[in-house]
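Okay, here's what each chain looks like letter by letter:
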Amino acid sequence: QVQLVESGGGLVQPGGSLRLSCAASRSIFSVYVMGWYRQAPGKQRELVAYRTSGGSTNSADSVKGRFTISRDSAKNTVYLEMNSLKPEDTAVYYCQMRWSDNTVYWGQGTQVTVSS
């Protein structure tokens, strides 16, 4: 069993920035895709950004140019840098990692609230 522990959420004003972290309890060397999802109240969970083991990244149109996914393999951690935050970015953010054996793990979620 792998634990993914997210941190970095909180309350921020519109236009502000946050960096979310997702630390895995084992090496992420063999993770072939890692991603961040979010779920706003009353809405379905949606993919925000992902990164493959080859280094390719992609993100939802709604966050392109504002959010960046990255990883630090030495720390077994994936990050989501969020800039120019908007009220509509308010949601619970979850990280997900899929290992090369196709096992998938989710974090517990971290709340991001964008409000003045």
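A brief look at the structure comes next. Going along each chain's sequence as written, the residues are numbered from 1 onward. Residue-level local features of this predicted model are given only where pLDDT is at least 70; pairs of side-chain atoms are given and counted only at 80 or more, and the full residue set underlies all totals for whole chains, interfaces and linings. Working from all heavy atoms in the structure, the side-chain values ignore hydrogens and water.

Section: unusual backbone geometry
Okay, so step 1: Backbone geometry places Ser84, a non-glycine residue, at a positive phi of 50°.
Okay, so step 2: Secondary structure elements follow DSSP: runs of H or I of four or more residues count as helices, runs of E of two or more count as strands, with numbering from the N terminus. Examined against the element boundaries, Ser84 turns out to sit in the loop between β8 (77–82) and β9 (91–99).
Okay, so step 3: Phi angles above zero are rare outside glycine, and Asn102 is one such case at about 75°.
Okay, so step 4: Structurally, Asn102 can be placed in the loop between β9 and β10 (104–106).
Okay, so step 5: Exposure is judged per residue with a 1.4 Å probe applied to protein chains only, and the accessible area is read against the type maximum: over 50% gives exposed, under 20% gives buried, and values in between give partly exposed. Relative accessible area serves as the criterion here: at 47%, Asn102 is assigned to the partly exposed category.

Re the state of the cysteines
Okay, so step 1: Defined by distance alone, a disulfide is two cysteine sulfur atoms within 2.5 Å. Under the defined criterion, the tally for this structure stands at one disulfide.
Okay, so step 2: Here Cys22 engages in a disulfide with Cys95; their sulfurs sit 1.9 Å apart. Of note, the bridge from Cys22 to Cys95 carries an S-S torsion of about 45° and is right-handed in sense. Of this pair, Cys22 sits in strand β3 (residues 18–24) while Cys95 sits in strand β9, and the two are 73 residues apart along the sequence. Cys95 carries the same exposure label as Cys22, and that label is buried.

Any functional reading would require information that these geometric values do not contain.
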